[in-house]
Amino acid sequence: MSIRPLVPIGGTGDHDGMHAQIVLYDGFDPLDVIAPFEVLAAGGESAGGELAVTLVSAQGPRCVTSGTRGLALAATAALDPSKHGCVIVPGASGPVAGDPDDGVDTIPVLLARAAQSDLTPLLRKVFDNPDVTVAAVCGGSLVLAMAGLIERRRAVTHHMGMDLLEAAGVHPVTARVVDDGDLITAGGVTSGLDLALYLLDRWYGPRIAHAVEELFEYERRGTVWRDAGRDPVEV
């Protein structure tokens, strides 16, 4: 799979603004969705309405139940691989331990189920679109890895899933946010804030990102890893 740079505002062709499509699937983690949604919505307003933020699903408009105490959100559209901007895949929430044979939907079960759903062929089309960046929060990186979409790419996920990334042929990077061209990933659940602010910075510049930071009284954490600059010398 070729690696492309993150698409800047304006993209490579004629577009009707930017679109941030945040994917919902059964068992998703609510904060993985809501944190980027609020940051990007606020950033879009600060940028004069140039960014549309939508909750989508592979199946189209429907009520989607998260993995946290039955909390549900409404997907208002189907994931559209042709829309210029980004697609964000969240992780899942649920029990970490338990026997799937006893009907326990653990987080790995929920992630694998999403990777084996109608979502995967749509995400494959997204990766083929040079005007779209794929982003993932927490276990969202594992959905992409389990689907075979990011083999040999660099990515991060929750610290408990880094070995699973590596087992799927992905190069794990221990960083808050990892920029691997058209693939931007973030670590544990709260890192969705940092990922979304980084996207705003890349698209619109630091003033927009800083305005949203001030609005939410939140300062970005960690260094964004990119395959750039000098290699560190071992000491």
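Sequence order as written defines the numbering, with residues in each chain counted from 1. Two thresholds apply to this predicted model, a pLDDT of at least 70 for residue-level local features and 80 or more for giving and counting side-chain atom pairs, whereas whole-chain, interface and lining totals are computed over all residues. Derived side-chain values reflect all non-hydrogen atoms in the structure, with water molecules and hydrogen atoms excluded from consideration.

For the protein, an unreviewed UniProt entry supplies the name Isonitrile hydratase and the organism Mycobacterium simulans.

A. Highlighting the packing of helix α1 (residues 30–46) against helix α6 (residues 191–204). The geometry of α1 relative to α6 is characterised by a closest axis approach of 8 Å and an angle of 25° between their N-to-C directions. When the interaxial angle is binned, α1 and α6 end up roughly parallel. Crossing angle aside, the handedness with which α1 passes α6 is right-handed. Residues A35, P36, V39, L40 and G43 of α1 form the contact with α6, whose own contacting residues are G192, L193, A196, L197, L200 and W203. Residue type decides the class: Asp, Glu, Lys and Arg count as charged, Ala, Val, Leu, Ile, Met, Phe, Trp, Tyr, Cys and Pro as nonpolar, and the leftover types, Gly among them, as polar. Grouping the amino acids of the contact of α1 with α6 by side-chain chemistry returns nine nonpolar, two polar and no charged. Orientation is described by axes fitted as lines to C-alpha atoms, over the contacting stretch for helices, and by angles from 0 to 180 degrees between their N-to-C directions. Under the scheme used here, helices are H or I runs from DSSP no shorter than 4 residues and strands are E runs no shorter than 2 residues, and both carry numbers assigned from the N terminus. An angle below 35 degrees is treated as roughly parallel, one above 145 as roughly antiparallel, one from 65 to 115 as roughly perpendicular, and anything else as oblique. A clockwise turn of the near helix away from the far one marks a right-handed crossing, whereas an anticlockwise turn of less than a right angle marks a left-handed crossing. Residue contacts are defined here by distance: any two heavy atoms, one from each residue, within 4.5 Å place the two residues in contact.

B. Quick peek at the sheet that holds strand β7 (residues 132–137). The rule for pairing is simple: two strands pair if DSSP sees at least two bridges between them. Strand order in this open sheet of eight strands is β5-β2-β1-β6-β7-β11-β10-β12, and the pairing throughout is mixed. Pairing within the sheet leaves two strands with one partner each, and these edge strands are β5 (77–78) and β12 (224–226). Two elements, strand β6 (residues 85–89) and β7, share five bridges in a ladder whose sense is parallel. In the sheet register, V87 faces β7, and the bridge partner there is V134. Running at roughly 155° to strand β2 (residues 51–57), α1 makes contact with β1 (18–23), β2, β6 and β7 of the sheet. Most of the contacts of α6 go to strand β11 (residues 183–186), to which it runs at about 145°, and overall it touches β1, β2, β6, β7, β10 (177–179), β11 and β12.

C. Region of the structure containing the pairing of β2. Counting buried residues along β2, five of its seven residues qualify, which places the element largely inside the surrounding structure. Across two bridges, the pairing between β2 and β5 is parallel. For S57, the partnering residue across the bridge sits in β5 and is A78. Partly exposed describes any residue whose relative accessible area lies between the buried limit of under 20% and the exposed limit of over 50%, with all areas from a 1.4 Å probe on protein chains only and scaled to the type maximum.

D. Quick peek at the UniProt feature "domain: DJ-1/PfpI" (unreviewed entry) in the protein. UniProt positions are given in the numbering used here, feature names are shortened, and annotations may be inferred rather than shown by experiment. Listed under "domain: DJ-1/PfpI" (unreviewed entry) in the UniProt record, and renumbered for this structure, are residues 120–200. Between the end C-alpha atoms of residues 120–200 the distance is 26 Å, and the span holds 40% helix and 21% strand.

E. A look at the packing of α6 against helix α7 (residues 206–216). Between α6 and α7, the least distance of the axes is 7 Å, while the angle of their chain directions is 150°. Judged by the inter-axis angle, α6 sits roughly antiparallel to α7. In this structure, α6 uses L197, L200, D201 and Y204 to contact α7, whose residues at the interface are P206, I208, A209, V212 and E213.

F. Spatial organisation of α7. Listing the buried residues of α7 in full gives I208, A209, V212 and E213. The arc that holds the buried residues of α7, viewed along the axis, is 140°, so those residues lie on one side. Summarising the geometry of α7, the exposed residues directed more than 90 degrees from the buried face are P206, R207 and E214. Residues of α7 that are buried make contact with α1 and α6. One or two steps after α7, the chain reaches E217, where phi turns positive at roughly 50°. The arc in question is traced by the directions running from the helix axis to the C-beta atoms.

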